[in-house]
Structure formats: C-alpha cells, structure tokens
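Commentary on secondary and tertiary structure
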Amino acid sequence: MKPPTTLLLFVGALIFFAAGNVRSDASDHRYKEGDSVPLYANKVGPFHNPSETYRYFDLPFCVPEGVKDKKEAFGEVLNGDRLVSAPYKLSFRDEKDSETYCKKKLSRKEVEQFRRAVEKDYYFQMYYDDLPIWGFIGKVDKESKSDPSEFKYFLYKHIQFEILYNNDRVIEINARMDPHSLVDLTEDKEVVAEFMYTVKWKETETPFEKRMDKYAMSSSLPHHLEIHWFSIINSCVTVLLLTGFLATILMRVLKNDFMKYAQDEEAADDQEETGWKNIHGDVFRFPKHKSLFAASLGSGTQLFTLTIFIFMLSLVGVFYPYNRGALFTALVVIYALTSGIAGYTASSFYCQLEGKNWVTEFQAPVRTTKYPREIPPLPWYRSAVPQMAMAGFLPFSAIYIELYYIFASVWGHRIYTIYSILFIVFIILLIVTAFITVALTYFQLAAEDHEWWWRSFLCGGSTGLFIYAYCLYYYYARSDMSGFMQTSFFFGYMACICYGFFLMLGTVGFRAALLFVRHIYRSIKCE
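All figures in this text were calculated on a predicted structure; none of them were measured in a lab.

1. Observations concerning the overall build of the protein
Scanning the protein for helices and strands turns up 14 helices and 12 strands. Relative to its full complement of 527 residues, the protein shows a buried share of 48%. Excluding contacts between residues fewer than 6 apart, the proportion of contacts in the protein whose partners are at least 24 apart in sequence is 79%. Total accessible area on the protein stands at roughly 27,100 Å², and carbon and sulfur atoms take up 58% of it.

Here it is as structure tokens:
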C-alpha cells in the first residue's frame, strides 16, 4: 500500500497558494478625498465572555435605513462574525465634529436592556477598511459605593474616531468614547438619547504594508518576550534533565543487560532468563481492541500532520492579526484533506495487527509464543494511572507557561503572534513526550509486564488530561468568565481540543516506544 502521495501534493499546493497570498489584505484599496470607506459593525457581547456574542443591532441602537449584511467569507462565518453596515459615515479625509446621526427615545424596556448590557461590560467590535475597532458601550459608576443597588449605569452616546492615513490609504483607526457625554440608565424610565460621533484625520508616514504590525506588537513587547524566552529555557532545562537521566540510567542499564545477555550459550543455559529478555516471546503479542488501537493511531497521525501544516502556514505569516477566519478556514480545509492520512495509517496498521479483514506481517524482531505469559504481581505505582500521571506531568511542565498566553488569546482578547517560539515549545513537547514514554516502557518491560502497547499510548497522551485540568484552574483563577453558555462553550470545546492532544501525543509516545522496543529486541539473541 503506497502513501497517499496525491493527497500530500494537494496539501502542499494549498500551502503554496496560502504562502503566495501572505498579507494580501482584502481591503488593499486606494481612496480619494470624500470617497466612501467601508465600515461594518460586527458584534457586541460581555467582555469577559468572549464566546457570548450577539449582533450589533440586537441592542436597541439606532438602525439606519438600508442596513445590509456583508457577504462573508467561509472563515468569517466560522469565526462567528456578523458584519452589517454601521450607522456612521466615515468618508476618506472627511472630518466631522460632534455630528448627530440619530436622536432616539429609549423606552423603559430598551433602557433596561442597555443597563443589563452595561452591567456585564458589553463591548462592540467594528471594522473600518478591515481594521478592527473596539469600545465599551457604557460604564458603571461604583465610586465610594459598596451596595450594588447604589451603582449608577451610563450609556456612552458620543464616539470619537481618530484615523491615520498615508497618501491615499487608511493606515490606522482609534475609537474613544467621550466620558462626559452620557445617558443615565440607572432608573427604569424613558430617556432621550442623542447619538453623536466625531471624526479627525491625521497624516502618518507608516507604510500600508506595516499597518497590521501595531496589533502584533502587544505580544512582542520586551517584558512579554522575556516571559516567552523564560518558558523556552524552562522547557530546555526539562529536556536536558530528562535526556541526561535517560542517557545515564537507561544506557548504563541497557549496556549491562546486553553484556549479560551476550554471554556464551553454555552460560546462558545455566541461568534463568530475567527482566525484559524473559518476555521476548510476548512483547510483540498484539494488543486487545486492535480496531480501536489502529483507529486511534490513525486519528493521532492525522492531527499531528494537521498541526505541522498549521505551523508551516503560521511561520510564513498567513495568520497575521485580524486576518479574519484564516485559521479556522485552514483548520477545516486541512483537516478534511488529511483525512486520507488517518485512513491510510489506521488501515495499514490494522493489517499489520492481523485484522480480521486482512493479514500481513508485522515484522517483529522476535517470535511470539502461542500462549501468553502471566504477568507477575506489580506494586501499585507501576499500574496505568500512576504511570500516566508521571508521564503527563513532565511534558506539561515544559509548556504550562506558554499555555497561559494561548488560553488568553483563544479565550480572551490578547493577540498571539510569536509562532516561532510556539513552534519551539511544540518540538520540545514532542521530545519530552517521546523520552518519558520510552523510559516508562523500559521499566514496564523490565518488570516483565509485556502489555506495553496501550500503556505507551495512554502515557504519551496523558498530557492532554493535564491540559484539561489546567482548564479548571484557568477558568476559576485566571479568567472572569461566567454564565451557562460561556461555561459550556469553554469546557466543551476544550474537552475536544484536549482529546485531540491526547490522540496526537499518544501516537507520538507509542511510535517512540515501538522504535525503542524493536531496537532492544533486535540487539539480542533470543531462542
């Protein structure tokens, strides 16, 4: 059976196409003075619940005539964008000073709706020439008040835009809410709100090609970089300690084992075989639930391939800040294209495990006996759960610092752009997972426990369980998320992601253990 060469070429073509479109903004437009520049209102929602978002006009803002939904790309739909034409008119280099675009009488119900939104720190998001704009819709006055019933709630009614341009292109936009222009929402009564906006234009020398660099700067600030490099140093120290441990212990023990097992045949006949050589007739006995095992390896291989392709795209700059939906599009498309890899890996391995539908040769370096050897009683700490806890802790300790920034980006409003550092951490994660799984597999075989197949997979993937445990810590200690919808979104999606990590790292752990077991049994003479 040949590898899916056509599929790999197709995915390679996808990457080439994506790399060829790096930084190709959809809004690469040039404008003349007075030209209309596209401004879209996207969504509103509680600041601390990033998954809970609503349409901009779900709140009782003034709805202008002829509101149109923007025709969204596939990635924007996956991203949850709800782009509609905004009520403000921001023509190119057209300044406005406190211009009223709407005067509206808010009913008691609308006042209550706005008040609930202000209480939950609702923010809005817009896009002007594909540049993001944020702002809060109001504020809560809690000064010198301890009783929530005494809090006062205000709605901002004046937004001030400052737009930077270079010749005929828009470079940057900032929005500031006027803290002195407020609508009191504290009482349940009808109020009149006059919504206004101000537009100021300033010239800048920043080139159009660098207008997105501003949003990447936040994750590249010196104090942030220091923390990221500390994370890498911490991970490297973990790798060095682990590899040193393996080199000192495993290699010395294996050398002694090889010397003992290499004695002449007469001496070997006088001694009873012990340790991992004693189970040479059982070590390649196929595991239980072969179909599930093969399917798990296939899915893990697919997810590993997907991760590598995503890193390749990120390192060439495809996922620059606010390239809306690019990451989700890449995930869906590449996941679909790499499904053949999962099928090929699972079916070929199923064949090697003498599946019911096909029989092929596994090519084990030693023969498997007809009847399995009984596994001797082992202490509790050599059982699966303690071994998984030990195997998952070290890889997790190598990534937990970087994990916070990823969570703050996915489940918050931080921007993560240092993909090179993330890729280094990922490589370290793979190395640590492989090494710790190999070490635990050796100790398991030395204890004459030959059921290492599933154990190596579970130990390698156990880091996914630690990541999910970290989710609990992040949710309760590092975030302000609340509510049933946000909680279910967070733990539901993270369960899927951590299961993906479990499959991917489990596959890495098993493959490393399989190479190790083949090597040591190929190096000795077994009768």
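Now that the structure has been shown, we can carry on.
2. Focus: the packing of helix α12 (residues 453-461) against helix α14 (residues 484-522)
Their axes nearest at 6 Å, the elements α12 and α14 cross at an angle of 130 degrees. Compared by their axis directions, α12 and α14 come out oblique. Seen along the crossing, α12 lies across α14 with a hand that is right-handed. Residues W453, S456, F457, L458, G460 and G461 of α12 form the contact with α14, whose own contacting residues are F502, L503, L505, G506, T507, G509, F510 and A513. Residue classes in the contact of α12 with α14 are distributed as eight nonpolar, six polar and no charged.

3. Section: the UniProt feature "transmembrane region" (unreviewed entry) in the protein
Sites flagged by UniProt as "transmembrane region" (unreviewed entry) map to residues 227-250, 292-320, 326-346, 388-407, 419-445, 457-477 and 489-517. In residues 326-346, the share of helix is 95% and the share of strand is 0%. The end C-alpha atoms are 30 Å apart. Spanning residues 388-407, this segment combines 100% helix with 0% strand, and its end C-alpha atoms are found 24 Å apart.

4. Some thoughts on the side chain of S479
Its place among the elements puts S479 in the loop between α13 (463-478) and α14. At 2.9 Å, the side chain of S479 forms a polar contact with the backbone oxygen of Y475.

5. Focus: the confidence of the model for the protein
Per-residue confidence for the protein gives a mean pLDDT of 84; residues scoring 70 or more make up 85%. Confidence, read as mean pLDDT per element, is least for helix α6 (residues 265-270) in the protein (50) and greatest for strand β9 (residues 158-166) (96). This stretch, residues 19-27, has a pLDDT under 50; its non-local contacts, to residues over four places away or in other chains, come to 18 contacts.

6. A few points about the sheet that holds β9
If you trace the four strands from one edge of the open sheet to the other, you get β4-β12-β9-β10, paired in mixed fashion. A single partner strand is all that each edge strand has here, and the edge strands are β4 (96-106) and β10 (169-177). Each adjacent strand pair in this sheet contributes to an overall mean axis angle of 20 degrees, direction not counted. In the packing of helix α3 (residues 108-119) onto the sheet, the strands contacted are β4 and β12 (191-203), and the crossing angle to β4 comes to about 120 degrees.

7. Quick look at the pairing of strand β8 (residues 152-156)
Across the five residues of β8, four count as buried, placing the element largely inside the fold. Where strand β7 (residues 138-141) meets β8, four bridges bridge the pair, whose relative direction is antiparallel. By the bridge assignment for β8, D141 is matched with K152. Of the pairings in the sheet, the one linking β8 to strand β11 (residues 182-184) comprises three bridges and is antiparallel in character. Bridged to F154 within β11 is D184.

8. A look at the pattern of salt bridges
Taken as a whole and judged by the stated rule, the model has 15 salt bridges. For R116, the salt bridge is made with E112, and the minimal N-O distance between the two is 3.3 Å. With R116 and E112 both in helix α3 and four residues apart, this pair spans about one turn of that helix. Given the relative accessible area of 35%, E112 is considered partly exposed. For E172, the salt bridge identified is with K214, shortest N-O distance 3.2 Å. Residue E172 is located in strand β10, and its partner K214 is located in helix α4 (residues 213-216); the two are separated by 42 residues in the primary sequence.

9. Topic: the state of the cysteines
Per the counting criterion, the structure on display carries one disulfide. C62 shares a disulfide with C102; S-S distance 1.5 Å. Between C62 and C102, the disulfide has an S-S torsion of -55 degrees and is therefore left-handed. Highlighted residues: C62 in the loop between β2 (54-55) and α2 (74-78) and C102 in strand β4, separated in sequence by 40 residues. There is no split in this pair, since C62 and C102 are both buried. With no disulfide of its own, C496 lies 9.5 Å from the sulfur of C498, the closest cysteine sulfur.

10. Concerning the side chain of T437
The residue T437 is located in helix α11 (residues 419-446) in this model. Overall, the relative accessible area of 1% leaves T437 in the buried class. Apart from the residues lying within four places of it in its own chain, the contact partners of T437 are S456, C459, G460, G509 and A513.

11. A few points about the environment of H29
Mapping H29 onto the fold places it in the loop between α1 (5-20) and β1 (39-46). Relative accessible area serves as the criterion here: at 34%, H29 is assigned to the partly exposed category. Separated by 100 residues in sequence, H29 and D129 have C-alpha atoms that sit 8.3 Å apart. The residues contacting H29, other than those within four sequence positions of it, are D129, D168 and R169.

12. Overview of the sheet that holds β8
Taken in spatial order, the three strands of this open sheet run β7-β8-β11, and their pairing is antiparallel. Where the open sheet ends on each side, the last strands, each with one partner, are β7 and β11. Recorded for the sheet is a direction-independent mean angle of 30 degrees between the axes of neighbouring strands. Most of the contacts of α3 go to β8, to which it runs at about 100 degrees, and overall it touches β7 and β8.

13. Describing unusual backbone geometry
Although it is not a glycine, S98 adopts a positive phi angle of roughly 50 degrees. In this structure, S98 sits in strand β4. In this model, N167 sits at a positive phi of 60 degrees, which is unusual for a non-glycine residue. With respect to the helices and strands, N167 occurs in the loop between β9 and β10.

14. Considering α12
Counting buried positions along α12 gives seven out of nine residues, so the element sits mostly inside the fold. Within the span of α12, buried status applies to W453, R455, S456, F457, C459, G460 and G461. On its buried face, α12 is in contact with α7 (290-315), α9 (339-352), α10 (384-410), α11, α13 and α14.

Here is what the cut-offs are and how they apply
- In every chain, residue numbers begin from 1 and rise along the written sequence.
- Local features in a predicted model are, by the rule used here, given only for residues with pLDDT of at least 70; side-chain atom pairs are given and counted only at 80 or more, and totals for whole chains, interfaces and linings are based on all residues.
- Excluded from the side-chain calculations are hydrogens and water; all other atoms, namely the structure's heavy atoms, are used.
- For the purposes of this entry, the term helix denotes a DSSP run of H or I that reaches at least four residues, the term strand denotes a run of E that reaches at least two, and both are numbered from the N terminus.
- Relative accessibility decides the category of a residue: with a 1.4 Å probe and only protein chains considered, values under 20% of the type maximum give buried, values over 50% give exposed, and everything between is partly exposed.
- Any two residues whose heavy atoms approach within 4.5 Å at even a single point are treated as in contact.
- All accessible areas in this document rest on Shrake-Rupley with a 1.4 Å probe, and a residue is counted as covered only by the protein chains that are shown.
- Between the N-to-C directions of two axes lies an angle of 0 to 180 degrees, each axis being a line fitted to C-alpha atoms and, for a helix, fitted only over the stretch in contact.
- Note on angle classes: values under 35 degrees are labelled roughly parallel, values over 145 roughly antiparallel, values of 65 to 115 roughly perpendicular, and the remainder oblique.
- The sense of a crossing depends on the near helix, which, turned anticlockwise from the far helix by less than a right angle, makes the crossing left-handed and, turned clockwise, makes it right-handed.
- Residues are grouped as follows: Ala, Val, Leu, Ile, Met, Phe, Trp, Tyr, Cys and Pro are nonpolar; Asp, Glu, Lys and Arg are charged; every other residue, Gly included, is polar.
- UniProt positions are given in the numbering used here, feature names are shortened, and annotations may be inferred rather than shown by experiment.
- Pairs of N or O atoms are called polar contacts if they sit within 3.5 Å, as long as, within protein, a hydrogen donor faces a hydrogen acceptor (for residues adjacent in sequence, only side-chain-to-side-chain pairs).
- Confidence scores here are pLDDT values: one per residue, from the predictor, ranging 0 to 100.
- If DSSP finds at least two bridges between two strands, the strands pair.
- What makes a salt bridge here is a side-chain nitrogen of Lys or Arg within 4 Å of a carboxyl oxygen of Asp or Glu, nothing more.
- Cysteine sulfurs are considered disulfide-paired once they come within 2.5 Å of each other.

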